[in-house]
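Descriptive structure summary
For reference, the chains in residue letters:
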Amino acid sequence: MTVTSARDDHQYEVPLLNNTEEIIHRIEDDLDGHEDQEDVDYMVDYRGERIVFENNKSKFGGWKSAGLIIVVDIAEGMAYYGISSNLINYLTGSLGQSTVTAAANVNTWIGFIWMLPVLGAVIADSYLGKFRTIIFSTLIYVLGLGLLTLSVVLPSLIGSLDCVDNNSIFCNYPSFQGIFFFFSLYLVAFGRAGFKPCVQAFGADQFDARNPEECKSKSSFFNWWYFGLCFGSSISRLFLTYIQDNGSWGLAFGISFISLAVALIVFLLGTQTYRYSVKVETVNPIFRITQVFVAAAKNWRQDPPLDTVQNEEIQKSPLRIGVHQFKFLDKALSKLPDDPTTMTKNGTKCSISQIEDAKVILRLVPIWISCLIYAIVFAQYSTFFVKQGNTMDRSIGTSFKIPAASLQILLSISVFLFIPLYDCAFIPFVRVFTGKPNGITMLQRIGAGMLVSALSMVVAAVIEKRRLLVAVDYGLMDEPEATVPMSVWWLAPQYIMIGLADVLTNVGLQEFFYDQVPDSLRSIGISLYLSILGVGSFLSGFLISAIERITGGSNHYSWFSNNLNRAHLDYFYWLLAGLSLIELAAFLYFSKTYLYKRGTSP
């Protein structure tokens, strides 16, 4: 629950309790002596009482609460990947879409999945708080999964009807099914928008960054969080994709629905163990930063003020690192006599801390942009990798065929292998030489993953070229339904390399954007990381559509022809490899000039 003080607009994120008035009075008492501060950041328990540490430990939060939240994410990962892992096969099979159309629809939906969390994070950080946003969004998420299950079961129910009236919309159930299916699918996206950024930020909030031991635990939390996510996705990729490939889409989606409902129950069971952040601000955190850019734009003709008082404030600013960057934002310190109602005590439109928060956000933009090609590469494992696998020999023994989408389990296996090695062996070893709590900086970790990602596209291109040569040798160029006599396990290296890139870059981006945004915008920080994957999926869909128009034609097979034996996915992978190397060069350039926020360990 978000409690609003009767004296001002300060917000407190605590669970819904009966003693609301007592909590308000207690918090108002805590505010005494802080009238001149822009914000106060501390943690409370479920009763609204400030958490007290004894011997650097507390009975609230820590690993016991974070572990419970990781369990919640395992269940949610099982639910989400039970839908997304094999979605392209459902669209090309049950809904009869072409490969290009299905890939574009998958990329668009995944784009929304990763972009909408920005909206959910804004609502959480500005209005509801993380705890309430998680609950409300999960309810929408559960509803979406329930309707999605119904949309898959619906055709069989409608098909059993005696369609005497041919004009009835229910007799034309494939069209009705498609509309219902996509409505449910995007309802899932809206529900996940609030869940995904908030539950991860809420889990990280269970550790105090000001405590050295808990600071290390927070860094480990992001690793084990991703480990749990991959564990849940592995269950989907092993079992649910098998159920789906054998025609039981309704059962598989139903299991996803039940999994998320269980996740909500588990999350609520931990209500009395969590730490809840208290962020007391005089204005909305989004508005505080937006106000800086507006004020700087209004004062663009003026020089930044340089009087002694302001210089002293700059030196005392907790985020004073990088004050000489983006100096045009310092124009927001100029006096605005035409707007006296919004002046600070120094007679300026914006305060020093506001401007420094704006600079922190602006420093993230080049890093965000230089990660987009990585996101395009990451989008391929759930689309074209799966379609490649469908054409290859998937036999295990004499009677069992592994679903092509199940090969994504290799990505999870690599995560299971590399995260413990990274967290328990690599970091302690490198820490001895670098002296850094995380062994290497967050940006170094991200850059290493980008390099592995580029190499994975080189490997994918080589393997796809070999698959095409085998199809030529066996005369299968015009037999798209025939199995190419090449084991599907040839795809293993590209999946494993994507998994390693995942451990390095995705986890690194999560920690980086959580740590580097202002403290009051941490849900938004997580959503900024997620938006990279979202924009990358949109760009992937746009790139595929553009290449399809350029390379296709009446007398030509496009790179993405429905007949993959006539297509050229290898050319596409070489293109992504080249773009990845260009992106890596840009990322390294921006990383060298990036200044970490004060108070965080790079």
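Sequence order sets the numbering: in each chain, residues are counted from 1 along the sequence as written. Local features are withheld for residues below a pLDDT of 70 in this predicted model, meaning they are given only at 70 or higher, and side-chain atom pairs are given and counted only at 80 or more; totals for whole chains, interfaces and linings count all residues. Side-chain measures were taken over the full set of non-hydrogen atoms in the model, leaving aside hydrogen atoms and water.

Next up on the list: the overall build of the protein chain. Within the protein chain one finds 19 helices and eight strands. Taking all 602 residues of the protein chain together, the buried fraction comes to 56%. Taking contacts inside the protein chain between residues at least 6 apart in sequence as the whole, the part at least 24 apart equals 80%. Here, Shrake-Rupley sampling with a 1.4 Å probe gives the accessible areas, and only protein chains in the shown set may cover a residue. Of the roughly 25200 Å² of accessible surface on the protein chain, 63% is carried by carbon and sulfur atoms. In this text, helices come from DSSP runs of H or I with a minimum length of four residues, and strands from runs of E with a minimum of two, each type numbered from the N-terminal end. Think of it in three bands: residues with accessible area under 20% of the maximum for their type are buried, residues over 50% are exposed, and the middle band is partly exposed, with areas taken using a 1.4 Å probe on protein chains only. Only heavy atoms enter the contact rule, under which two residues are in contact if any of them lie within 4.5 Å.

Take the residue count of a helix, subtract one, and multiply by 1.5 Å to get its expected span. Under the 1.5 Å per step criterion, the end-to-end length of helix H16 (residues 442-473) is 47 Å for 32 residues, consistent within 8% with the ideal 46 Å. With its phi angle positive at about 65°, glycine 475 sits one or two positions after the end of H16.

Look at helix H5 (residues 117-128) against helix H18 (residues 522-551): their axes get within 8 Å of each other, and the N-to-C directions meet at 180°. The angle between H5 and H18 places the two elements in the roughly antiparallel class. Taking contact as the criterion, the partners of Pro117, Val118, Ala121, Val122, Ala124 and Asp125 in H5 are, on H18, Arg522, Ser523, Ile524, Ser527, Leu530 and Ser531. In the contact of H5 with H18, the residues fall into seven nonpolar, three polar and two charged. In this analysis, axes come from line fits to C-alpha atoms, helices being fitted only over the stretch in contact, and the angle between any two N-to-C directions falls in the range 0 to 180 degrees. Just so you know how the angles are binned, under 35 degrees is roughly parallel, over 145 roughly antiparallel, 65 to 115 roughly perpendicular, and the rest oblique. By the convention adopted, Pro, Cys, Tyr, Trp, Phe, Met, Ile, Leu, Val and Ala count as nonpolar, Lys, Arg, Asp and Glu as charged, and the other residues, Gly among them, as polar.

A few words on the pairing of strand S8 (residues 484-487). Along S8, the buried face is formed by Val484 and Met486; none of Pro485 and Ser487, which line the opposite face, is buried. When DSSP finds two or more bridges between two strands, those strands count as paired. Across two bridges, strand S5 (residues 392-393) lies against S8 in parallel orientation. Among the inter-strand pairings, aspartate 393 is bridged to a residue of S8, identified as serine 487.

One way to put it is that helix H10 (residues 285-298) packs onto helix H12 (residues 352-369) with a least axis distance of 9 Å and a crossing angle of 90°. Of the possible angle classes, the one that applies to H10 and H12 is roughly perpendicular. Across the interface between the two elements, Arg288, Ile289, Gln291, Val292 and Phe293 of H10 pack against Ser353, Gln354, Ile355, Asp357, Ala358, Ile361 and Leu362 of H12. For the contact of H10 with H12, a count of residues per class yields seven nonpolar, three polar and two charged.

Trp109, Phe181, Tyr226, Phe512, Phe560, Phe572 and Tyr573 are the most contacted members of the largest nonpolar core, which totals 141 residues. With 14 residues, the next largest nonpolar core counts Ala121, Ala332, Ile352 and Leu521 among its residues. Throughout this description, the term nonpolar core refers to a set of buried Ala, Val, Leu, Ile, Met, Phe, Trp, Tyr and Cys residues connected via side-chain atoms within 4.5 Å.

Time to look at H12. With 18 residues, H12 should reach 26 Å at 1.5 Å per residue; the first-to-last C-alpha distance of 27 Å fits that figure. Within the span of H12, buried status applies to Ile352, Gln354, Ile355, Glu356, Asp357, Ala358, Lys359, Val360, Arg363, Leu364 and Ile367.

Here, patches come from residues exposed beyond 30% relative accessible area and free of salt bridges, joined within 9 Å for like charges and within 5 Å for nonpolar side chains (Val, Leu, Ile, Met, Phe, Trp, Tyr). Salt bridges are counted wherever a side-chain nitrogen of Lys or Arg sits within 4 Å of a carboxyl oxygen of Asp or Glu. Taken together, Leu119, Ile123, Tyr127, Ile140 and Phe190 make up a surface patch of nonpolar side chains, about 480 Å² in accessible area. Broken down by element, the residue count for the nonpolar patch peaks at three residues, all from H5. With respect to the element layout, isoleucine 123 can be found in helix H5. Judged by relative accessible area, which is 33%, isoleucine 123 ranks as partly exposed.

For the rest of this paragraph, the subject is the environment of phenylalanine 590. By the element assignment, phenylalanine 590 lies in helix H19 (residues 569-593). Here the alpha-carbon distance between phenylalanine 590 and proline 366, two residues 224 residues apart in the chain, equals 6.5 Å.

Values of pLDDT, the confidence the predictor places in each residue, fall between 0 and 100. Looking at the protein chain, pLDDT values average 78 and 79% of them are 70 or higher. Here residues 312-320 is modelled with pLDDT under 50, and outside its nearest four sequence neighbours on either side it reaches 15 contacts, counting other chains as well. Counted against residues more than four places away or in other chains, residues 339-347, with its pLDDT under 50, gives 16 contacts.

Our next topic: the side chain of serine 233. With respect to the helices and strands, serine 233 occurs in helix H8 (residues 212-245). Assessed through its relative accessible area of 1%, serine 233 is described here as buried. Polar contacts, as used here, are pairs of N or O atoms within 3.5 Å; protein pairs need one atom able to donate a hydrogen and one able to accept it. Residues neighboring in sequence count only if both atoms are side-chain atoms. From its side chain, serine 233 meets the backbone oxygen of cysteine 230 in a polar contact 2.9 Å long. Of the polar contacts made by the side chain of serine 233, one reaches the side chain of serine 412; its length is 3.3 Å. Once you skip the residues sitting within four places of it in the chain, serine 233 turns out to touch Gly77, Met78, Tyr81 and Ser412.

This part is about the packing of aromatic side chains. Between 30 and 60 degrees the pair is tilted, below 30 it is stacked and above 60 it is edge-to-face, where a pair is any two Phe, Tyr or Trp rings, Trp via its six-membered ring, whose centres lie within 6.5 Å. Following the criterion strictly, the structure yields 41 aromatic pairs and no others. Ring centres 5.5 Å apart and planes at 80° place the aromatic pair phenylalanine 112 and tyrosine 186 in the edge-to-face group. One end of the pair, phenylalanine 112, is in helix H4 (residues 99-115); the other, tyrosine 186, is in helix H7 (residues 173-204), with 74 residues separating them in the sequence. Taking relative accessible area as the criterion, tyrosine 186 reaches 24% and is therefore assigned partly exposed. For the ring pair phenylalanine 131 and phenylalanine 202, a centre distance of 6.2 Å and an interplane angle of 50° mean the geometry is tilted. Note that phenylalanine 131 is positioned in helix H6 (residues 130-159) and phenylalanine 202 in helix H7, a separation of 71 residues in sequence. For phenylalanine 202, a relative accessible area of 1% puts it in the buried group. Among the aromatic side chains, those forming a connected cluster through ring pairs are Trp63, Phe207, Phe221, Phe222, Trp225 and Tyr514. Both a distance and an angle decide whether a charge sits over a ring: NZ of Lys or CZ of Arg must be within 6 Å of the ring centre and within 35 degrees of the ring normal. Across from the ring centre of tyrosine 80, 3.8 Å away, lies the NZ or CZ of arginine 192, which sits over that ring.

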